[in-house]
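Residue-level listing of the chains:
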Amino acid sequence: MKDPIALHRLHENRFHAHPEVYVAPGRVNLIGEHTDYAEGFVMPAAIDFATLAAISPRTDGQIVIYAENFGEERSYSAAALPASATGHWSDYPLGVLATLAGEGYAIPPLSLSLWGDVPLGSGLSSSAAVEVATAIAVTGLMGVSIPGPRLAQLCQRAENKFVGANSGIMDQFISANGAEDHALLLDCRDLSFRLAPIPPDVALVIANTMVKHSVAGEGYTTRRAEVEEACRILATHRPEIKFLRDATVDDLAAWGHEIPPNALKRARHVITENTRTVEAAEALLRRDMAKLGRLMHEAHVSYSKDFEASCVEADTMVDLAQDLPGLIGARLTGGGFGGCTINVVEADKAAEFSAALKERYLRATGIEPEIHICHASAGAHRLG
């Protein structure tokens, strides 16, 4: 992560004000893909890629947001924030401000400097990190304390309603509530969660296929509609099925012939993924890393074949990792259609594993991947 002192100094030089600096991490999802909007289970970990936010008050009635990554500044009247998105990077922090204002909070004039190292389009949740960093910084400036689960809900609403990306709660939740050296098993129905320790001799190796993905894209929207279609059909037989969280593989065996083929495959992925995710948390709690690895492999096959949200490059990356020294488990992570694989690797072999995977992938695809050895980090907080 970039030195927060550098962002502090940049903000001071730009706005001639002493800021407070906050951090919100990106995330990698160990298992549990496209289950969140089916009110199912996910198991992400916060990682040491993050968004930093430096914030200070103003006296001129303006809200000024500067993004160092883009070298751009936007200015707005605090009394008349934009009501809709424009397709600009500023939609993410503005959506948070608009959502907080909609909850009755008076957003004061402020200067906000943002910097992040979560790779855009990688599936590591750069947008949620920006949203949560903005939210914790602004509420900190206002002297307001919002519990982490509630803060995550408000940031999700900003992404859904303001930005227009129909994402689930996972990304914002782990960014706001993550714990160092732990994964987090989240029940997306009631937002209850429990922490599962990641052993100290295990590393999280994130391998970027360099294929961009976007949850606002057509693939995500289509898959979500298919999941919801399958749920509606099953509910005609069992009205208690409100989301696929409530359905079983027995339901698919009984009434799957009524579900269109693609929707049936999507439903099979979601239902079996929920089971795998709960079992994976239990495996971590028991330090049964072999079982975790098996579940991750099953999850990738389901994601690729049933949900059809992988791609040639991601499948290649996962396949190439299988016989490398130290691998515990590998799968595509994030919204799909590109992005990164998550590789759970024995820590003392992580560097060797990373170098070998990079070389193999370059040779197989002609693409040089970015590979990072990470660890599970704390959730959003003020620095210093």
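Above this text is the structure in question.
Residues numbered from 1 in each chain as written. Predicted model: local features only at pLDDT ≥ 70, side-chain atom pairs only at ≥ 80, totals over all residues. Heavy atoms only, no water.

Peer 1: Now, about the overall build of the protein chain: what can you tell me, with residues and values included?
Peer 2: The number of helices and strands found in the protein chain is eleven helices and twelve strands. Against the compact-globule benchmark of 21 Å for 384 residues, the protein chain has a radius of gyration of 21 Å, which places it among compact chains. Overall, the C-alpha framework of the protein chain stretches about 65 × 50 × 40 Å when taken along its three principal axes. For the protein chain, the proportion of its 384 residues judged to be buried stands at 56%. If you take every contact in the protein chain between residues at least 6 apart in sequence, the share linking residues at least 24 apart comes to 71%. (Helix = DSSP H or I, 4+ residues; strand = E, 2+ residues; numbered from the N terminus. Rg over C-alpha atoms; globule rule 2.2 N^0.38 Å. Buried < 20%, exposed > 50% of the residue type's maximum accessible area, 1.4 Å probe, protein only. Contact = heavy atoms within 4.5 Å.)

Peer 1: Just give me the short version of the packing of aromatic side chains, but keep the residues and values in it.
Peer 2: Scanning the model with the defined rule gives three aromatic pairs in all. Seen from their ring centres, Phe173 and Phe193 are 5.5 Å apart, and the 70° between their planes marks the pair as edge-to-face. Of this pair, Phe173 sits in helix H5 (residues 170–177) while Phe193 sits in strand S7 (residues 193–197), and the two are 20 residues apart along the sequence. Assessed through its relative accessible area of 0%, Phe173 is described here as buried. A cation over an aromatic ring shows up here: Arg14 above the ring of Tyr66, its NZ or CZ 3.8 Å from the ring centre. (Phe/Tyr/Trp six-rings, centres within 6.5 Å; stacked < 30°, edge-to-face > 60°. Lys NZ or Arg CZ within 6 Å of the ring centre and 35° of its normal.)

Peer 1: Describe the nonpolar core, with residues and values.
Peer 2: Counting residues in each nonpolar core, the largest one holds 43 residues, and the members touching the most others are Ile65, Leu112 and Leu186. Filtering out sequence-adjacent residues up to four positions away, Leu186 remains in contact with Gly40, Phe41, Val42, Ile169, Met170, Phe173, Leu191, Ser192 and Phe193. Residues Val28, Ala129, Val202 and Ala376 belong to the second largest nonpolar core, which totals 32 residues. (Core = buried A, V, L, I, M, F, W, Y, C linked by side-chain atoms within 4.5 Å.)

Peer 1: Quick one: what's the story with the packing of helix H2 (residues 91–102) against helix H4 (residues 148–163), residue by residue and with numbers?
Peer 2: As a packed pair, H2 and H4 sit with axes 8 Å apart at the nearest point and diverge in direction by 110°. Between H2 and H4, the crossing angle belongs to the class labelled roughly perpendicular. The chirality of how H2 crosses H4 is right-handed. Between H2, through Asp91, Tyr92, Leu94, Gly95, Val96, Ala98, Thr99 and Leu100, and H4, the contact on the second element is made entirely by Leu154, Cys155, Arg157, Ala158, Glu159, Phe162 and Val163. (Axes fitted to C-alpha atoms, helices over the stretch in contact; angles between N-to-C directions. Parallel < 35°, antiparallel > 145°, perpendicular 65-115°, else oblique. Left-handed = near helix turned anticlockwise from the far one by under 90°.)

Peer 1: Tell me about the sheet that holds strand S9 (residues 327–333), and please be specific about residues and values.
Peer 2: In spatial order, the strands read S9-S10-S8-S11; together these four strands make up an open sheet with antiparallel pairing. The sheet terminates laterally at S9 and strand S11 (370–374), the two strands that pair on one side only. Neighbour-to-neighbour, the strand axes of this sheet turn through a mean angle of 20°, independent of strand direction. Across seven bridges, strand S8 (residues 202–208) lies against strand S10 (residues 340–346) in antiparallel orientation. Paired with Val202 across the two strands is Glu346, which belongs to S10. In this fold helix H11 (residues 350–365) packs onto S8, S9, S10 and S11, with an angle of close to 165° to the strand it touches most, S11. (Pairing = 2+ DSSP bridges.)

Peer 1: Can you lay out the pattern of salt bridges for me, pointing to particular residues and giving the numbers?
Peer 2: For the structure shown, the criterion picks out 25 salt bridges. Measuring nitrogen to oxygen at the nearest pair gives 2.8 Å for the salt bridge that ties Glu103 to Arg150. Pair noted here: Glu103 is in the loop between H2 and strand S5 (110–116) and Arg150 is in helix H4, with a separation of 47 residues, a long-range link. Among the residues examined, Glu103 registers a relative accessible area of 35% and is labelled partly exposed. Arg266 is the salt-bridge partner of Glu308, the closest N and O atoms lying 2.8 Å from each other. Linking Glu308 in the loop between helix H9 (289–305) and helix H10 (312–321) with Arg266 in helix H8 (residues 261–285), this pair joins segments that are 42 residues apart in sequence. The class for Arg266 is buried, based on a relative accessible area of 2%. (Salt bridge = Lys/Arg side-chain N within 4 Å of Asp/Glu carboxyl O.)

Peer 1: So what about the side chain of Glu273? Which residues, and what values?
Peer 2: Of note, Glu273 is situated in helix H8. A residue is classified by how much of its surface remains accessible, and Glu273, at 0% relative accessible area, is buried. One polar contact links the side chain of Glu273 to the main-chain amide nitrogen of Gly32, over a distance of 3.1 Å. In terms of polar contacts, Glu273 uses its side chain to reach the side chain of Arg276, at 2.8 Å. (Polar contact = N/O pair within 3.5 Å; in protein donor to acceptor, adjacent residues only side chain to side chain.)

Peer 1: Account for the state of the cysteines, with residues named and values stated.
Peer 2: Under the criterion given, the structure shown has zero disulfides. Here Cys188 is not disulfide-linked; the sulfur of Cys231 is the nearest cysteine sulfur, at 15 Å. Lacking any disulfide linkage, Cys311 is separated from the closest cysteine sulfur, that of Cys340, by 11 Å. (Disulfide = S-S within 2.5 Å.)

Peer 1: Mind laying out the environment of Ile146, listing which residues take part and the relevant values?
Peer 2: Structurally, the position occupied by Ile146 is in the loop between helix H3 (126–142) and H4. Taking the C-alpha atoms as reference points, Ile146 and Ser56, 90 residues apart in sequence, are found 19 Å from one another. If near-sequence neighbours (up to four positions away) are discounted, Ile146 is found in contact with Leu100, Tyr105, Thr139, Leu151 and Leu154.

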